[in-house]
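# Chain and residue survey
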Amino acid sequence: MCSSDPASRSGTYSFVSPPAMPQNVAFQLDYSSPTALVVRMVAPVTQNYISTTAAGSFETAANYDTDTAPDTPSIVLIDNATSGAQTVTLDDSTTVHALSLSGSQSPLVFDINGVNLGVAYLLSINPGATLLGRGGIMGSVLVLGGTVRPGDQGNGVVPSGSADSLHVTGNFTEESGSLLALEIRGDGVGQYDSLTVD
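First things first, this report covers the structure right here in the doc. (Residues numbered from 1 in each chain as written. Predicted model: local features only at pLDDT ≥ 70, side-chain atom pairs only at ≥ 80, totals over all residues. Heavy atoms only, no water.)

The helix and strand inventory of the protein chain stands at 0 helices and 15 strands. Taking all 198 residues of the protein chain together, 40% fall into the buried category. For the protein chain, the proportion of contacts with a sequence separation of at least 24, taken over those separated by at least 6, is 50%. Working note: accessible area of the protein chain is about 9,300 Å², and carbon and sulfur atoms make up 53% of it. (Helix = DSSP H or I, 4+ residues; strand = E, 2+ residues; numbered from the N terminus. Buried < 20%, exposed > 50% of the residue type's maximum accessible area, 1.4 Å probe, protein only. Contact = heavy atoms within 4.5 Å. Areas by Shrake-Rupley, 256 points an atom, 1.4 Å probe, with all protein chains shown as cover.)

Laid out in structure tokens, this is it:
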């Protein structure tokens, strides 16, 4: 969050809704000026998620081969190559250049925990991966054989008053072999999870 007086700005922005960017150009926010925020065009930086724990945080720097938390120029690759299921949770609104989710050896769950994920180029959900949660995605989403599941990892029935929504502001494309899984208790408001796209 920033001060309302631009001449005395301090701190950093907690979330930036990204502009649509080409694959090979990312943007980076430069806070070095005391009176202006500078947006620079830079080459994207690939970051591989390397943690092998069953549950981890997207924002934890130690979980990446670069030992830095993902940021606006990051191309983040999360592939569960372990022998057991893995869940990576996004607890803070974050903007990255691109995010690729895969479960090449075992299932991978990426849980958006009621926050916003900005993706300037593309979020791809590949085989073995599930995008789960509630909150917002700003950017293009391409499901290439993976699963999108608004809400939690329930049993397919929405408990009373717990319907969740995943909102995509951008393009949403599901290719053949992909799955959209929704929990449904009834047809009234609040009785089903939803995916909205605009």
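Using the criterion set out here, one finds 3 aromatic pairs in the structure. Centre to centre, the rings of F58 and F110 are 5.5 Å apart; their planes meet at 85°, and the pair counts as edge-to-face. Here F58, found in the loop between β4 (55-57) and β5 (74-79), pairs with F110, found in strand β8 (residues 108-125); they are 52 residues apart in sequence, far enough to count as distant. Across the pair, F110 and F58 agree in class, each one buried. An aromatic cluster of at least three residues, connected via ring pairs, comprises Y49, F58, Y64 and F110. (Phe/Tyr/Trp six-rings, centres within 6.5 Å; stacked < 30°, edge-to-face > 60°.)

On to the environment of D67, then. Take D67: it is sitting in the loop between β4 and β5. On a C-alpha basis, the gap between D67 and Y49 in space is 9.7 Å, while along the polypeptide they are 18 residues apart. Beyond its immediate sequence surroundings of up to four residues, D67 is in contact with A61 and A62.

Let us look at a nonpolar patch on the surface. Where nonpolar side chains cluster on the molecular surface, the patch consists of L180, L182, I184, V189 and Y192 and spans about 480 Å² of accessible area. Within the secondary structure, Y192 sits in the loop between β14 (179-180) and β15 (194-197). Assessed through its relative accessible area of 36%, Y192 is described here as partly exposed. (Patch = residues over 30% accessible without salt bridge, like charges linked within 9 Å, V, L, I, M, F, W, Y side chains within 5 Å. Salt bridge = Lys/Arg side-chain N within 4 Å of Asp/Glu carboxyl O.)

Another point: the pattern of salt bridges. Should the charged atoms of two oppositely charged side chains come close, the side chains can pair. Within the structure shown, the criterion is met by 2 salt bridges. Measuring nitrogen to oxygen at the nearest pair gives 2.5 Å for the salt bridge that ties R40 to D30. With R40 in strand β2 (residues 38-42) and D30 in strand β1 (residues 26-30), this pair connects stretches of sequence that are 10 residues apart. Using a relative accessible area of 40% as the deciding quantity, one classes R40 as partly exposed. A salt bridge links E183 to R149; the shortest N-O distance between them is 3.7 Å.

Here the focus is the side chain of D30. By relative accessible area, D30 is classed as buried at 15%. A distance of 2.7 Å separates the side chain of D30 from the side chain of S32, its partner in a polar contact. The contacts of D30, once residues within four sequence positions are left out, are A36, L37, V38 and R40. (Polar contact = N/O pair within 3.5 Å; in protein donor to acceptor, adjacent residues only side chain to side chain.)

On to the nonpolar core. The tendency in soluble globular proteins is for nonpolar side chains to be buried side by side. Ranked by size, the top nonpolar core spans 26 residues in total, and within it F58, I78, L99, F110 and L123 carry the most contacts. Sorting the residues of this core by element identifies β5, β6 (86-90), β7 (94-102), β8, β9 (129-138), β10 (141-143) and β12 (165-169) as the ones contributing at least two each. Looking at this core, the element that brings in the most residues is β8, giving 8 residues. If near-sequence neighbours (up to four positions away) are discounted, F58 is found in contact with Y64, P70, V76, I78, V88, T89, L90, T94, V96, L99 and F110. (Core = buried A, V, L, I, M, F, W, Y, C linked by side-chain atoms within 4.5 Å.)

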